[in-house]
Amino acid sequence: MNDPSASTSAEADFGAVAVLPLGEMRVGQAGVIVEVTAQAPGGDQNLSAEELHQRLLEFGFVEGAHVAVLHEGAIRRDPIAVKLDDMRVGVRRRDARGVTVLLDKPRP
Amino acid sequence: MTARVALVGNPNSGKTALFNALTGSRQKVANYAGVTVERKEGTIVTPGGRTLAVLDLPGTYSLRARSPDEEVTRDAVLGRLAGEDSPDVLVCVADATNLRLVLRLILELKAVGRPMVLALNMYDIAQRQGLRIDVDGLAGELGCPIVTTVATRRRGIDELLSKVDELAARSRFAPAGGWTPPDAAQVRLAHREAQRLLKTYVKPPERPDTLTGRVDAVLLHPVLGLAILFALLFTMFQAVFTWAGPAQDLIEASFTALGELARAALPAGLFRSFLIDGAISGVGSVLVFLPQILVLFLFILLLEDFGYMARAAFLMDRIMGGAGLHGRAFIPLLSSFACAIPGIMSARVIDNKRDRLTTILVAPLMTCSARIPVYALIISAFIPERAVWGMFNLQGLVMFGLYAAGILSALAVSLVIRKVFWRGAVDPFLMELPAYKIPDPANVARNLLQRVMIFVTRAGRIIFPLMIAVWLLCTFPGPPPGAAGPAIDYSFAGMLGHALQPLLAPIGFNWQMTVALIPGFAAREVAVAALGTVYAVADPGADGATLASLLSRQWSFAAGLAFLAWYIFAPQCASTIAVVRRETNSWRWPIVMLAYMTALAYLAAFIVYQTAHALGG
Ligand SMILES: Nc1nc2c(ncn2[C@@H]2O[C@H](COP(=O)(O)OP(=O)(O)OP(=O)(O)O)[C@@H](O)[C@H]2O)c(=O)[nH]1
Ligand SMILES: [Mg+2]
């Protein structure tokens, strides 16, 4: 169940708000997914970009879903635990680069 | 009248709990995704008199399977297995508090063209949270009946059965469907539709779960979280020693009393020797370790039911990834603490073939519970029981060290495999972190009881017959008249041990240890029982002394340590080899495993023995 206040505030300030790949977001940042692309998986991954794309979609990383980064790992801040709508999901940063997020305006 | 019913749904939605409630089975239920990796079948007769063959399946997010466990689900649902049609009725099991992904799955399942009923499971939690679902509206729009269930409390079962009954009666007339793997655009479209359904028919919870967030703030904290993980493991191994003590003393005393009873009641002779030295001391020496195994399982079960496993996997991901292991390898490896066999099987959740094979090959390095008797015996014989730094039990510390050695060597071996043999290739890692649940004491008790049954059956079916064999080999042939030295030297076991011992002399093993390794191949803990029998036959007078105190007099300290080092790696478990053969579908990998583990065992024991010996042990 989307947090309606959060998504409207993001839409209201469209021009001023930053867009970031989920893979680069920090703990405490939140926003709405605006694009999920078939980005070539990093380095030497043997999985095709399309396959990763499809899996992200099936897991619920779709346009319009609300995400918030809750926790990050100790080593290189990886992996990250994100709240994806009502679910909590652990994901590696490199796999989350194809997910673009329109950040909410930070709460005052 | 029979109908085939399949339970499908997202992972961790309670399919197996529902399966158990329906069929009275005792399949494993736990609070993480990927518990079930095989199809399981059970039957039940509905109130309408129809026999249902119920199929429990691994959870999945899509029929477009990507790992071996999900393929099982896909093939069962689509009726692609040889000699099997697709099920007459599908029961889609949903976590009522987490509907988004399952709604999309339902849209996909509808294309299969089988009659379906949606079980809104965990309805107790939904109600507690004040989540309101317009069941009738949703059912109307989805075009399938909905029942609310609480699988763990067996609520809603009758209603579910009557719905299945109705659908089964009409299933022959259902139009055949044609499922094709959805492409990205179709998945997006289905998500949008699922979102619309959610908005229309589900009111957000009035009292959402805040516990999970608050607990995660501590348990997933980058520093604190890791510290807690290690503290937990540490406590677990300390507890294995300290908590189990009284119960162990009790079991030990009962077996000694039983031996005394037999000694008093029976005339001296072969039969008495068989009963006391073979049966009672052999089986008793293994059963004594049951309390320790139960303490270990108690910890694992509580962590599993609480929902900690996925968190532990999250915390360890980077460390395991550094060693070239797949993120999902954590749970198979952790299950291997209980026994490598379920661990190796749960590697099916890993999609990439090489990642899966790497996990399978290193899983037996994790210290399984069958090693507990061996470790515990040698530790109590050679490591004094005293406090270290005022608070830790030295024996517990050594036990922890042995477990750590197993874990580190698993990481090292997988690193070698990945760096030397299969470079590159890292698969994506997406894992649901389930909401925490307070473990259900009844479930934990049931599972512990199941462990007791497994252990005792093993003692009866494997250990007891082997002990008879060991006793026979230790007793016959008897010594020639007038022979010097102990009688056992002339027995088959004695001859075999003396013949093979030179091979193991460099690692400090005497002939009794050598003999014990052989039946240990059937099951590791039998080595302990065999030592019990070998020493009991050799020296029936020493009966009052415990095996541990006997060993501490007979073996050098260095030899004791070498024996421990050997068992960190020892590949001796016939059933593990058989399971690797089955899971990899070739003899190649079990042989590779046997070879590399034996080599490591020998090497480790050699280094330990020679070092300890040189230092005067
Ligand atoms: N409160 C509550 N807990 C439930 C209910 N049904 C299942 N659970 C718990 O949910 C967790 C998952 O249950 P499982 O039956 O193992 O789930 P599964 O769908 O078989 O999971 P996989 O085999 O991994 O796909 C366990 O901790 C169960 O105890 C329910 O109706 N109410
Ligand atoms: Mg299951």
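Our subject is the structure that appears above.
Just so we're clear, the structure is a prediction, and the values are computed from it rather than from any experiment.

Counting its secondary structure elements, chain B contains 26 helices and eleven strands. Taking 2.2 N^0.38 as the reference for a compact globule, 617 residues should give roughly 25 Å; the C-alpha atoms of chain B span a radius of gyration of 28 Å, in line with that estimate. Principal-axis analysis of the C-alpha atoms places the extent of chain B at approximately 90 × 55 × 45 Å. Going through the 617 residues of chain B one by one, you find that 57% of them count as buried. Put simply, 73% of the contacts in chain B that link residues at least 6 apart link residues at least 24 apart. When the accessible surface of chain B is summed, it comes to about 24,800 Å², and 64% of that surface belongs to carbon and sulfur atoms. Charge centroids of chain B, computed over 54 positive and 43 negative side chains, lie 4 Å from each other.

With that settled, consider the overall build of chain A. Along its length, chain A carries two helices and six strands. Order of helices (α) and strands (β) in chain A, N terminus to C terminus: α-β-β-α-β-β-β-β. When burial is assessed residue by residue, chain A has 56% of its 108 residues classed as buried. Excluding contacts between residues fewer than 6 apart, the proportion of contacts in chain A whose partners are at least 24 apart in sequence is 68%. Taken as a whole, chain A presents about 4,600 Å² of accessible surface, with 54% of it coming from carbon and sulfur.

Further remarks concern the coordination of the magnesium ion (ligand 2). All names here are of chain B. On the protein side, the magnesium ion (ligand 2) has T16 (OG1) and T36 (OG1) as donor atoms, found 1.9 to 2.0 Å from it. Taken as a pair, T16 in helix α1 (residues 15–23) and T36 in the loop between α1 and β2 (40–45) lie far apart in primary sequence, 20 residues in all. Look at T16 and you get buried, because its relative accessible area is 8%. Looking at T36, the relative accessible area reads 14%, which means it is buried.

Before going further, it helps to examine the site of ligand 1. Residue and element names in this part refer to chain B. The environment of ligand 1 is made up of 24 residues, and the closest members are K15, T16, A17, G34 and T36. In this structure, an oxygen atom belonging to ligand 1 sits 3.5 Å away from a main-chain N or O atom of N31. A151 has a polar backbone atom sitting 2.9 Å from an oxygen atom of ligand 1. A total of 650 Å² of accessible area belongs to ligand 1 in isolation, and the protein chains cover 94% of it. Ranked by the residues each element gives to the shell around ligand 1, the list is headed by α1, at three residues. Its residues placed into classes, the shell around ligand 1 shows eleven nonpolar, ten polar and three charged.

What follows is about the side chain of Q54 of chain A. Relative to the helices and strands, Q54 of chain A resides in helix α2 (residues 49–58). Once residues within four sequence positions are removed from consideration, Q54 of chain A is found in contact with R64, P182, D183, A184 and V187 of chain B.

The strand order β1(A)-β6(A)-β2(A)-β3(A)-β4(A)-β5(A)-β11(B) describes an open sheet built from seven strands, whose pairing is antiparallel. The two strands at the open ends of the sheet, each matched to only one other strand, are β1 (19–21) of chain A together with β11 (430–432) of chain B. This sheet shows a mean twist of 40° between the axes of neighbouring strands, independent of strand direction. Strand direction decides the pairing type here: β1 of chain A and strand β6 (residues 99–103) of chain A, joined by three bridges, are antiparallel. Among the inter-strand pairings, V19 of chain A is bridged to a residue of β6 of chain A, identified as L102 of chain A. Sitting on the sheet, helix α13 (residues 308–322) of chain B touches β3 (66–72), β4 (80–84) and β5 (87–91) of chain A together with β11 of chain B, and the angle it makes with β11 of chain B is about 150°.

Turning to the packing of helix α11 (residues 270–287) of chain B against helix α22 (residues 526–538) of chain B, a few remarks are in order. Residues and elements named next belong to chain B. In contact at an axis separation of 8 Å, α11 and α22 are set at 145° when each is read in the N-to-C sense. Judged by the sense of rotation from one axis to the other, the crossing of α11 with α22 is right-handed. Residue-level contacts link D277, G278, S281, G282, S285 and V286 of α11 to V528, A529, G532, T533, A536 and V537 of α22. Grouping the amino acids of the contact of α11 with α22 by side-chain chemistry returns five nonpolar, six polar and one charged.

Conventions used here
Residues numbered from 1 in each chain as written. Chains lettered and ligands numbered in written order. Predicted model: local features only at pLDDT ≥ 70, side-chain atom pairs only at ≥ 80, totals over all residues. Heavy atoms only, no water. Helix = DSSP H or I, 4+ residues; strand = E, 2+ residues; numbered from the N terminus. Rg over C-alpha atoms; globule rule 2.2 N^0.38 Å. Buried < 20%, exposed > 50% of the residue type's maximum accessible area, 1.4 Å probe, protein only. Contact = heavy atoms within 4.5 Å. Areas by Shrake-Rupley, 256 points an atom, 1.4 Å probe, with all protein chains shown as cover. Lys, Arg positive; Asp, Glu negative; His and termini not counted. Charge placed at Lys NZ, Arg CZ, Asp CG, Glu CD. Donors = N, O, S within 2.8 Å, 3.2 Å for Na, K, Ca; no water. Near = heavy atom within 4 Å. Polar contact = N/O pair within 3.5 Å; in protein donor to acceptor, adjacent residues only side chain to side chain. Nonpolar A, V, L, I, M, F, W, Y, C, P; charged D, E, K, R; others polar. Pairing = 2+ DSSP bridges. Axes fitted to C-alpha atoms, helices over the stretch in contact; angles between N-to-C directions. Left-handed = near helix turned anticlockwise from the far one by under 90°.

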